[in-house]
Amino acid sequence: MLDDTIEVTVGDLVDEAIDIKRFVLHRTGNLDFPTWTPGAHIDVLFAEGLVRQYSLCGDPHRADIWEIAVLHTGESRGASHYLHTQINIGDRLSIRGPRNNFKFNLDSSLRFLAAGVGITPIISMIRAAHSADVKWRLDYISRSRKRMAFLEELESYSSNVVVHASDEGRVFKLKHYLIDTGGVYGAPLYACGPARLLDELTTMSETWPEDYLHIERFRPKSDASLPDRHSFTVNFALSGVTAQVNQRETILDVAEQSGILVVSSCREGTCGTCETDIIEGEADHRDSVLSAAEQAQQRTMMICCSRSKGSNLVLDL
Ligand code: FES
């Protein structure tokens with residue numbers, strides 16, 4: 001793993017909603033942050049090699065601060081619990097990034113769908129769409145308005161925002177939503193939220209034109225729907241190494257065991273850091289980063305989770 005770590009200090013902490021805190025980060029040494037674009041995320045590094053991804057939700061034009069909003073998931077030993085209960089103003093964190101797997105294009109008309117903390121990668125897209133005066137609509141889903149981050153700002157954009165708060169009896173139905181917003185003929189759709197919603201959306205949009213559905217996942221796809229693992233041979237062409245990947249190993253494990261330097265982060269197919277070019281063979285894609293069209297092109301793969309369809313794979317490593 002290459003060391004591109006950035007040290008930051010927490011400059012402010014803001015309660016955005018029930019269980020959601022916004023962290024305002026300053027780079028130590030008064031340095032500017034790298035540039036980023038809407039949809040980008042950063043890695044936050046914790047003890048024992050734990051890494052979590054959080055979307056940047058501030059203003060991309062500001063190089064002096066970065067902002068992330070974190071949902072306290074309730075796991076008492078998880079990263080979000082640590083950030084919510086142990087980190088105060090003035091504390092330091094180590095981060096990496098930014099990286100953008102959820103690239104945003106300012107089309108003339110746009111749809112956004114966010115559930116819960118899934119609003120975090122989308123808020124900066126909405127600000128960009130609003131300033132560019134393009135037509136857009138956000139459907140924002142939660143149990144309650146009190147759990148919706150950035151709601152006051154979003155509601156100032158008036159009728160562009162449709163709130164689905166289940167405690168108000170506005171239960172979200174994906175089928176109705178797609179009909180209501182034009183289905184396949186509607187505008188490009190950017191969505192972030194729980195895996196079940198995104199899986200359902202992916203299935204329902206299978207016949208949509210390429211580049212009409214953009215989704216961001218922070219949790220890997222469930223293994224249940226994936227084919228069984230089998231062992232195969234991988235050739236790391238640049239390094240001149242050929243090795244066997246058994247059922248329990250990943251290509252990334254085998255590369256590291258062979259002394260090959262690979263940049264990695266989440267190791268579960270959600271961050272895009274380990275993306276590697278395929279020279280020969282067909283990948284059995286298991287990541288949540290590449291779109292269906294990109295996976296079908298078989299140009300690159302995430303070697304931390306994706307495998308080989310056949311018995312051999314040649315990679316540009
Ligand atoms: S390390 Fe994150 S996708 Fe492979």
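Residue indices begin from 1 for each chain and proceed along its sequence in written order. Local features in this predicted model are restricted to residues of pLDDT 70 or higher, and side-chain atom pairs are both shown and tallied only at a pLDDT of 80 or more, whereas totals for entire chains, interfaces and linings draw on every residue. Note that the side-chain values use all heavy atoms of the structure and ignore hydrogens as well as water.

Chemist: So what exactly am I meant to see when it comes to the sheet that holds strand E11 (residues 213-216) here?
Modeler: Hydrogen bonds between backbone groups are what pair the strands of a sheet, and the pairing can be parallel or antiparallel. In spatial order, the strands read E9-E8-E7-E10-E11; together these five strands make up an open sheet with parallel pairing. Single-partner strands in this sheet number two, and they are strand E9 (161-165) and E11. Along the sheet, successive strands turn relative to each other by an average axial angle of 15°, direction set aside. When strand E10 (residues 189-192) meets E11, the two strands line up parallel, connected through four bridges. Note that in E11 the partner of Cys192 across the bridge is Glu216. In this description, contact between two residues means that some pair of their heavy atoms is separated by no more than 4.5 Å. An axis is simply a line fitted to the C-alpha atoms; with a helix, the fit covers only the stretch in contact. Between two such axes, the angle follows the N-to-C directions and lies from 0 to 180 degrees. Runs of E in the DSSP output that reach at least two residues are strands. Runs of H or I that reach at least four are helices, and both are numbered from the N terminus. This element, helix H2 (residues 120-131), spans strand E7 (109-115), strand E8 (135-142), E10 and E11 of the sheet and lies at about 155° to E7. One requirement defines pairing of two strands: DSSP has to find at least two bridges between them.

Chemist: Would you mind going over the pattern of salt bridges with me for this structure?
Modeler: Two side chains bearing opposite charge may form a pair once their charged atoms approach each other closely. When a carboxyl oxygen of Asp or Glu lies within 4 Å of a side-chain nitrogen of Lys or Arg, that pair is called a salt bridge. In total, this model carries 16 salt bridges according to the counting rule given. Across the pair Arg137 and Asp139 runs a salt bridge whose closest N-O atoms are separated by 2.7 Å. Residue exposure (1.4 Å probe, protein chains only): buried if accessible area is under 20% of the type maximum, exposed if over 50%, otherwise partly exposed. On the basis of relative accessibility, which here comes to 23%, the residue Arg137 falls in the partly exposed class. Salt-bridge contacts for Glu155 lead to Arg145; the nearest nitrogen and oxygen are separated by 2.7 Å. Pair noted here: Glu155 is in helix H3 (residues 151-155) and Arg145 is in the loop between E8 and H3, with a separation of 10 residues, a long-range link.

Chemist: Before we go on, may I ask you to explain the layout of surface pockets in this structure?
Modeler: A water-sized probe, rolled over the atoms, reveals where empty space remains. Lining residues are defined by having an atom within 4 Å of a point belonging to a cavity or pocket. Those points lie on a 1 Å grid over the protein atoms alone, cavities being sets where a 1.4 Å probe fits but cannot get out and pockets being open sets with protein on both sides within 12 Å along at least five of seven lines. Grid points are joined across faces, edges and corners, and a volume is the space filled by probe spheres set on the points. When its volume is computed, the second largest pocket comes out at roughly 980 Å³. Considering the residues around the second largest pocket, the lining is formed by 41 residues, among which Leu71, Thr73, Val117, Phe218 and Arg219 are closest to the centre. When residues in the lining of the second largest pocket are grouped by element, the largest group, five residues, is from strand E4 (residues 51-55).

Chemist: What is the right way to read the environment of Met204 from this model?
Modeler: Inspection of the secondary structure puts Met204 in helix H5 (residues 195-204). Taking the C-alpha atoms as reference points, Met204 and Leu174, 30 residues apart in sequence, are found 9.1 Å from one another. Dropping the residues within four chain positions of it, Met204 is found in contact with Leu174, Lys175 and Leu178.

Chemist: What am I meant to see in the sheet that holds E4 here?
Modeler: On the basis of which strands lie adjacent, the open sheet formed by six strands has the order E4-E3-E6-E1-E2-E5 and antiparallel pairing. Bordering the open sheet on either side are E4 and strand E5 (65-71), each of which pairs with just one other strand. The average undirected angle you get between the axes of adjacent strands in this sheet is 40°. In this sheet, E4 lies alongside strand E3 (residues 41-45) in antiparallel orientation, the contact comprising five bridges. Counted as the bridge partner of Asp43 is Gln53 from E4. Packing of helix H1 (residues 79-86) onto the sheet brings it into contact with strand E2 (20-27), E4, E5 and strand E6 (92-99), and relative to E5 it is tilted by some 115°.

Chemist: Where do I start with the domain arrangement of the protein in this structure?
Modeler: By a frequent convention, interface size equals the accessible area lost on bringing the separate parts together. By the assigned domains, the protein splits into domain 1 (6-99), domain 2 (109-216) and domain 3 (226-315). The C-alpha-based centres of domain 2 and domain 3 are spaced at 32 Å. Domain delimitation in this document rests on an assignment produced automatically or drawn from a domain database.

Chemist: For this particular structure, what's the right way to read the packing of aromatic side chains?
Modeler: Within a pair of aromatic rings, the relevant descriptors are the distance that separates the centres and the angle that separates the planes. In this scheme Phe, Tyr and Trp rings, the latter by its six-membered ring, pair at centre separations within 6.5 Å, and the angle between planes marks the pair as stacked below 30 degrees, edge-to-face above 60, and tilted otherwise. Taken as a whole and judged by the stated rule, the model has nine aromatic pairs. Where Phe104 meets Phe112, the ring centres are 6.2 Å apart and the plane angle is 40°; that geometry is what we call tilted. The same class applies to Phe104 and to Phe112, which are both buried. Measuring from centroid to centroid gives 6.0 Å for Phe112 and Tyr190, while their planes differ by 40°, and the two rings are tilted. One end of the pair, Phe112, is in strand E7; the other, Tyr190, is in strand E10, with 78 residues separating them in the sequence. When sorted by exposure, Phe112 lands in the same class as Tyr190, which is buried. Of the aromatic side chains, those joined through ring pairs into one cluster are Phe102, Phe104, Phe112, Trp136, Tyr157 and Tyr190. Charges are assigned to positions over rings by a cutoff of 6 Å between ring centre and Lys NZ or Arg CZ, combined with an angular limit of 35 degrees from the ring normal. It is Arg127 that lies over the ring of Phe150; its NZ or CZ is 5.9 Å from the centre.

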